[in-house]
Amino acid sequence: MLKIEHLSKTFNAGTVNEKKALSDLNLHLKEGEFLTVIGGNGAGKSTLLNAVAGTFPVDGGRILIGGKDVTNLPEHKRAAFIGRVFQDPMMGTAPSMQIDENLALAARRGERRGLKWGISREEKERFHERLKELGLGLEDRMSTKVGLLSGGQRQALTLLMAALKRPELLLLDEHTAALDPATAAKVLDISDRIVTENGLTCMMITHNMKDAITHGNRLIMMNEGRIILDIAGEEKQKLTKRELLDRFAALSGTQEETDAVLLS
Amino acid sequence: MSFFSSLLNAMPGAVAQGLIWGIMAIGVYITFRVLDVADLTVDGTLAACGATAVMLIRAGVNHVLALLIAFAVGLLCGLITGLLHTRCGIPAILSGILTQLALYSINLRIMGSKANQALSVDKYKLTLSQRFVRELSLKNPLPLLLLITVIVIAVLYWFFGTEKGSSIRATGANSAMARAQGIDTRGNIVLGLMLSNGLVAFAGALLAQYQGSADVNMGRGAIVIGLAAVIIGEVIFGKVFVNFALKLLAVSIGAIVYYLVLQIVLQMGLNTNDLKLLTAATVALFLAIPYWKSKIRPRAKAAKEGGASC
């Protein structure tokens, strides 16, 4: 489904702030795989997701989604294959537009937008049903401006929008990091449900090791722009937090510091 | 008593001017409020397209066709600013200033190197003229201007409700989100700037016909008058007008109020030369008030930002 070959990206090349964010990274995701991504600050997790989403051009390597080479496709064209939820709850929705208007925008991801009316009656009914499934009562507030929703409600809505038109790949970039623990758990729950119900291929960054272990069916750990650990299947199911920490320490060398980063 | 009679006498003219500038201000609303871009092209567009209409009519072109051609030239002005901004990476404000400056020279070319060109309603058939603003006849420009305003608002209401129009609104509201939803934000910014400048150009062509001349300086400060209209509309109707069409109507009314107030202060003896200073100060004040409010009561600001208008 997703094939990343020899991907590299350096920010501020040739300056004192030079930062090698991705170095010769290779990753192959199979259809239906739900990958969790962990790693310390600056390990390149977000850079990886943004490179796949096309936020910036990469320095080298190739990205293929469903066999199509998207490496040189601009962000908005790549969006035809990709659903995204960001860390910042403000980023995934248009605050000055209504809930149903936001959903209508998402329903047309990857399609030509013409002079037809922006939202149809049938769509409104469909959105009502989908919002109901979230269990947040948003279905009765469809004409509310999204700016008036809480962070958790917005993330749930963004998730729904990302999956409304079935994406080939779902990218979740620490999408619960800005939420309080109870809301985060609920949003993660919704994420799990949306991924399994639609059989989506998904990459989720998290800095919560427990979440990384309990969610998804494959886990990678990143350090200095590379994948240093890749665990799937039964091995992942049996994984414990302690074991993961030990392996990370062994692989990256600097125990105290990284423990602090990972557990933060 | 003479104060009131002369004021009353000046009212129809003020309303007509307000309606014309209201169309321009609706163009400013599209960039300033919908796209969240401050576009300074409009000063140049208004003057250049007013001149275009005048020169075309003087050359014997039909006045309605002249309006349409002026509109097209306005689209072109917006296109240039849009391309400078989205394809050359120049900040929006600077792109607008560059186009505006370039338009000054082009404007002089259009007007045959003259600073102004007259267009007498006695010699040419015009869409509207100041001459008949107090007349009770079909030649009175007020009903026509009202009709044009209603049509402009209706068309824009329809357009911004379509798939394409919604995607432009999303571009202005949150461009990161828009791109994630597959919206070509750069293309949309160009389109929005074109539409905005097209409206400004149309208003410029109406204004030139209305006053019976085009002047190389007629667009100076247009952006500020446009912003004044937008802000006055929001101050008066912000709380009650939630619908997009009503918000556009508020802009038009804002422009009328601006010209009515202007008439009053002029009648009270304000020096015409001080007008732009007064307008700039008023607009600066009203732009600053929301910011000051946010500094005093952060919580109130959070609630307001959430429900921000568009």
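Note: the structure precedes this text.
Think of each chain on its own: its residues are numbered from 1, step by step along the sequence as written. Here the convention is simple: chains get letters from A, ligands get numbers from 1, in the order in which they are written. Only residues with pLDDT of at least 70 are given local features in this predicted model, and only at 80 or more are side-chain atom pairs given and counted; all residues enter the totals for whole chains, interfaces and linings. Where side-chain values are given, they derive from all heavy atoms of the structure, hydrogens and water being excluded.

Draft legend 1. Structural context of helix H9 (residues 241-252) of chain A. Residue and element names in this part refer to chain A. Under the 1.5 Å per step criterion, the end-to-end length of H9 is 16 Å for twelve residues, consistent within 8% with the ideal 16 Å. Taken residue by residue, H9 has Leu244, Leu245, Phe248 and Ala249 as its buried positions. The buried residues of H9 occupy an angular sector of 135° when projected down its axis, which confines them to one face. Each helix is a run of DSSP H or I of at least 4 residues and each strand a run of E of at least 2, with the numbering of both proceeding from the N terminus. Expected helix span is given by 1.5 Å per residue-to-residue step, counting one fewer step than there are residues. Burial classes follow relative accessibility: with a 1.4 Å probe on protein chains only, a residue under 20% of its type's maximum area counts as buried, one over 50% as exposed, and anything between as partly exposed. In this context, the arc is that of the directions from the helix axis out to the C-beta atoms.

Draft legend 2. Inspection of the interface of chain B and chain A at higher detail. Every residue pair with non-hydrogen atoms within 4.5 Å of one another is taken to be in contact. Counting from both sides, the interface comprises 28 residues of chain B and, opposite them, 32 residues of chain A. Here's the idea: put two parts together, see how much 1.4 Å probe accessible area each one loses, and the total over both is what we call buried area. It is B:Glu163, B:Met177 and B:Gln181 in chain B that bury the most area against chain A; as a group they hold 28% of the surface buried on that side. What counts as a salt bridge is simple: a side-chain nitrogen of Lys or Arg found within 4 Å of a carboxyl oxygen of Asp or Glu. Summed over the shared surface of chain B and chain A, the result is three salt bridges. Note that A:Glu75 and B:Arg179 form a salt bridge whose closest N and O atoms lie 2.9 Å from each other. Within 3.5 Å is the distance limit for a polar contact, defined as a pair of N or O atoms, with the added protein rule that one can donate a hydrogen and the other accept it, and that residues adjacent in sequence qualify only through two side-chain atoms. Summed over the shared surface of chain B and chain A, the result is eleven residue pairs in polar contact (both at pLDDT 80 or more). At the level of secondary structure, the elements contributing two or more residues to the side of chain B that touches chain A comprise helix H5 (141-159), helix H6 (163-173), helix H7 (175-180) and helix H12 (298-306) of chain B. If you tally residues by element for the side of chain B that touches chain A, the top one is H6(B), at seven residues. Looking at the side of chain B that touches chain A residue by residue, the classes come out as 13 nonpolar, ten polar and five charged. Three classes are used: nonpolar for Ala, Val, Leu, Ile, Met, Phe, Trp, Tyr, Cys and Pro, charged for Asp, Glu, Lys and Arg, and polar for all others, with Gly counted as polar.

Draft legend 3. The nonpolar core, seen in detail. What we call a nonpolar core is a set of buried Ala, Val, Leu, Ile, Met, Phe, Trp, Tyr and Cys residues that are connected through their side-chain atoms within 4.5 Å. The biggest cluster of nonpolar side chains holds 78 residues, and the ones touching the most others in it are B:Trp21, B:Met24, B:Ile26, B:Leu156, B:Phe160 and B:Leu206. When residues of this core are traced back to their parent elements, those giving at least two are helix H1 (2-35), helix H2 (42-58), helix H3 (63-86), H5, helix H8 (185-211), helix H9 (222-237), helix H10 (244-267) and helix H11 (275-296) of chain B. In terms of residue count, the dominant contributor to this core is H1(B) (15 residues). In contact with B:Ile26, not counting residues within four places along its chain, are B:Val152, B:Ile153, B:Leu156, B:Leu199, B:Leu248 and B:Val251. A:Leu149, A:Ala156, A:Leu159 and A:Val187 belong to the second largest nonpolar core, which has 42 residues in total.

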